[in-house]
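# Structural characterization, general
Single-letter residue listing:
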Amino acid sequence: MDDDIQIDSDEDLFRNPVYYEPAGRNLDLDRPDLGVPQGQDLLNVLLRMRGRVPVEKRGLICPDCRDVRGRRVPMYLVQRDGVWLASHYRKPGEKPISHESDEHLARKERVAKDSEDHGFHADIESQTADGHARLDVRINGANGIVLGYEPQLSAQTARGMRAREVFRRRGGIQSVWDLADPDHAGIGTVPYVRTPNLPASVIRVQKNPIAVQDGNFVLEEGQCSQNGALTRCPEKPYDPENPTDAGYCGGWHRVLMPAHQSSTFTGEGGLTLTRFIVEAAAGERVPFQRGGHHGWLPAKQWQQYLEANGSALDDREHQPSVRQGDRRDRCTEDRPASDVRAEPKQRRGSRAIVLESRPRETEAARVPVDASGQAIPLCRFDCGHPASLPGPEGLPEHFSCRRKHEAWSTGHR
């Protein structure tokens, strides 16, 4: 590869569109002929240009940079996992091409300022130490904690979100994915918070609080009953057609509950994004993963979690592939996912995460006793009730039961 090219990290390699000027059309890198008439040998022609023809003169450019920015940005081809991808040409030291929305930029600037104001150094657009991930905002917290604040305003797939999270986790980063869509695929898939979809002008005013609406969990336990500590049974499926339905099983549960659904939630003085970021940087809030679902817990409740459930978490890592990248249609940061590759949209609302459940304990049958403490036997006529008086035969019975028995016997002679 040419020496004057800044090679993109694996995380920055996506299926960006590429336009071939001599043919006047976009290339399809998945096809042997690249989607160009009589183009079977075109790939070899382009590859032979490496080291011989400057990147600017190979005829490959970004169609989105041309259409959106009015600029001619050259591209070059790179192969990963047997897949050909087109990457933007940039010289060593130059930043990657980005077309972030104003709302995206405002969130980064706001969190960086708030972090600095609370004593935590923050850098916008920072690489991880291994170079495999680029953080929107890197926050140096207490005791070696490094937060990566990642506002994600565009629709993405769960698979792509997991792949990006793996790169950050391997770099020693605690990610905070800030999502605005309540149906976003990242909810529960990665360590997330959900905040309102606000305009950039509102976000940039630091005195305006940005509420954390989801992603913040609390530990609760108690009896699953009308008068118990839980607001509803966590094992009863949520019915979107009847969202106010509350069902109880009578058992006992220990659960991780979204704070806004907990029994202690009042709706007043709620958690803000600024407070969340500062507390996470200070180590007062920690990410967890349980049963494939991610979220955040107060540090004290995290200790209770460990005491109750141990430290072995469901934290399996999967090797990401560049095929799992989430940039599909245009070279922008906040873009819609491809209609072809996007996963089916489904509501992913918060849910309680059950850590432990015990069924309702049935009380042992209480045996009646007499004044001396002796058990009172049941009536000989099988009425099911205790009888303390013996009959003529010396067996326990009720006078009324004997009368019924005698009448029945007389009627069947």
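Residues numbered from 1 in each chain as written. Predicted model: local features only at pLDDT ≥ 70, side-chain atom pairs only at ≥ 80, totals over all residues. Heavy atoms only, no water.

Remark on secondary structure: sheet strands pair via backbone hydrogen bonds, oriented parallel or antiparallel. In spatial order, the strands read E2-E1-E3; together these 3 strands make up an open sheet with antiparallel pairing. The open sheet has two edge strands with one neighbour each: strand E2 (25-26) and strand E3 (60-61). Examined bridge by bridge, strand E1 (residues 19-20) and E2 share 2 bridges and lie antiparallel to one another. Residue pairing in the sheet places Tyr19 in a bridge with Asn26 of E2. (Pairing = 2+ DSSP bridges. Helix = DSSP H or I, 4+ residues; strand = E, 2+ residues; numbered from the N terminus.)

Packing of helix H3 (residues 102-117) against helix H6 (residues 273-281) leaves a shortest axis separation of 10 Å and a crossing angle of 55°. Between H3 and H6, the angle falls in the class oblique. For the pair H3 and H6, the crossing hand works out as right-handed. Between H3, through Arg110, Val111, Asp114 and Ser115, and H6, the contact on the second element is made entirely by Leu273, Thr274 and Ile277. For the contact of H3 with H6, the per-class residue count stands at 3 nonpolar, 2 polar and 2 charged. (Axes fitted to C-alpha atoms, helices over the stretch in contact; angles between N-to-C directions. Parallel < 35°, antiparallel > 145°, perpendicular 65-115°, else oblique. Left-handed = near helix turned anticlockwise from the far one by under 90°. Contact = heavy atoms within 4.5 Å. Nonpolar A, V, L, I, M, F, W, Y, C, P; charged D, E, K, R; others polar.)

Residues Ile139, Leu147, Tyr149, Val176, Leu273, Phe276 and Ile277 are the most contacted members of the largest nonpolar core, which totals 24 residues. Within the residue set of this core, elements represented by two or more residues are H3, strand E7 (134-140), strand E8 (146-152), helix H5 (200-203) and H6. In this structure Ile139 touches Val111, Ser115, Phe120, His121, Ala122, Ile145, Val146, Leu147, Tyr149, Ile277 and Ala281, once residues within four positions along its chain are discounted. In terms of nonpolar packing, the next biggest core, distinct from the first, is built from 18 residues, Tyr20, Met49, Cys62 and Cys65 among them. (Core = buried A, V, L, I, M, F, W, Y, C linked by side-chain atoms within 4.5 Å. Buried < 20%, exposed > 50% of the residue type's maximum accessible area, 1.4 Å probe, protein only.)

Next up on the list: the sheet that holds strand E12 (residues 252-258). Ordered by their spatial adjacency, 3 strands build an open sheet running E11-E12-E15, and the pairing between neighbours is antiparallel. For this open sheet the edge positions go to strand E11 (217-223) and strand E15 (353-358), each flanked by a neighbour on one side alone. Between one strand axis and the next, the sheet turns through 15° on average, direction left out of account. One ladder, built from 7 bridges, connects E11 with E12; its direction is antiparallel.

Now for the pairing of strand E14 (residues 293-298). Counting buried positions along E14 yields 6 of 6 residues, so the element is predominantly enclosed. Both faces of E14 are covered, namely the face carrying His293, Gly295 and Leu297 and the face carrying His294, Trp296 and Pro298. Where strand E13 (residues 285-290) and E14 come together, 6 bridges link them in antiparallel fashion. In the strand pairing of E14, Gln289 is matched with His294. Count of turn residues in the E13/E14 antiparallel hairpin: 2 residues, of which Gly291 carries a positive phi of about 60°.

Next up on the list: the side chain of Gln301. By the secondary structure assignment, Gln301 is in helix H7 (residues 299-309). Here Leu219 takes part through its backbone nitrogen, which lies 2.3 Å from a polar atom of the side chain of Gln301. When residues no more than four places from it in sequence are discounted, the contact partners of Gln301 are Val218 and Leu219. (Polar contact = N/O pair within 3.5 Å; in protein donor to acceptor, adjacent residues only side chain to side chain.)

For H6, a buried count of 8 out of 9 residues is recorded, marking the element as mostly surrounded by other parts of the structure. For H6, every residue scored as buried is listed here: Leu273, Thr274, Phe276, Ile277, Val278, Glu279, Ala280 and Ala281. With its phi angle positive at about 85°, Gly283 sits one or two positions after the end of H6.

Moving on to the environment of Ala23. With respect to the helices, strands and loops of the structure, Ala23 is situated in the loop between E1 and E2. Linking Ala23 and Pro37, residues 14 residues apart in sequence, is a C-alpha distance of 9.0 Å.

Moving on, we come to the pattern of salt bridges. Charged atoms that come close allow side chains of opposite charge to pair. The final tally for this structure, using the stated rule, is 18 salt bridges. Across the salt bridge formed by Asp178 and Arg107, the nearest N and O atoms sit 2.9 Å from each other. Of this pair, Asp178 sits in strand E9 (residues 174-179) while Arg107 sits in helix H3, and the two are 71 residues apart along the sequence. Residue classification places Arg107 among the buried residues on the basis of a relative accessible area of 2%. (Salt bridge = Lys/Arg side-chain N within 4 Å of Asp/Glu carboxyl O.)

With that out of the way, let us pick up the confidence of the model for the protein chain. In this model, the protein chain carries a mean pLDDT of 80, and residues with pLDDT of at least 70 account for 80%. The lowest-confidence element of the protein chain is helix H2 (residues 63-69), averaging 76 in pLDDT; the highest-confidence one is H6, averaging 96. For residues 312-330, every residue scores under 50 in pLDDT, and the model assigns this stretch 59 contacts once sequence neighbours within four places are set aside. Low pLDDT, under 50, characterises residues 332-349; the predicted model gives this stretch 55 contacts beyond four residues in sequence or across chains. (pLDDT = per-residue confidence, 0-100.)

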